Amino acid sequence: ALQRLVDDINIKRRSIYAEKAKEKKTTLEAYSLTAGCEAIARTVAGEKYRAPDGSWQTRTAEPPVRDVRCP
């Protein structure tokens, strides 16, 4: 049941990202990368985020580890 919920959320997110990418005249991949970079940047100390290597990290007072392609 949990996997179905996660899949449903991801399908809906992809649909929204596709619409926003089209509005901004960019690719879905570029929009998704930027959205992820911004979401990680908004984390605060103690929150978890997924690092570029796929590992889950806990945000500290230091800047989070982000993809080198982040704007």
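What counts, and where the lines are drawn
- In this numbering scheme, every chain counts its residues from 1 along its sequence in written order.
- For a predicted model such as this one, the threshold for reporting local features is a pLDDT of at least 70, and the threshold for listing and counting side-chain atom pairs is 80 or more; totals across whole chains, interfaces and linings nevertheless cover every residue.
- Note that water and hydrogens are dropped before the side-chain values are worked out from all heavy atoms of the structure.
- Strands are runs of DSSP state E lasting at least 2 residues, helices are runs of H or I lasting at least 4, and numbering of each runs from the N terminus.
- Think of it in three bands: residues with accessible area under 20% of the maximum for their type are buried, residues over 50% are exposed, and the middle band is partly exposed, with areas taken using a 1.4 Å probe on protein chains only.
- For every accessible area listed, the method is Shrake-Rupley and the probe measures 1.4 Å; residues are considered covered only by the protein chains on display.
- Asp and Glu are treated as the negative residues and Lys and Arg as the positive ones, with His and the ends of the chain left uncounted.
- For charged residues, the charge sits on one atom: NZ in Lys, CZ in Arg, CG in Asp, CD in Glu.

Trainee: Where do I start with the overall build of the protein chain in this structure?
Mentor: Helices and strands together make up the secondary structure of the protein chain, namely 2 helices and 2 strands. For the protein chain, the sequential pattern of α-helices and β-strands runs α-α-β-β. Seen through its C-alpha atoms, the protein chain measures out along the principal axes to roughly 35 × 35 × 20 Å. Taking all 71 residues of the protein chain together, the buried fraction comes to 17%. With an accessible surface of roughly 5700 Å², the protein chain has 56% of that area assigned to carbon and sulfur atoms. Of the charged side chains in the protein chain, 14 are positive and 10 negative, and the gap between their average positions amounts to 3 Å.

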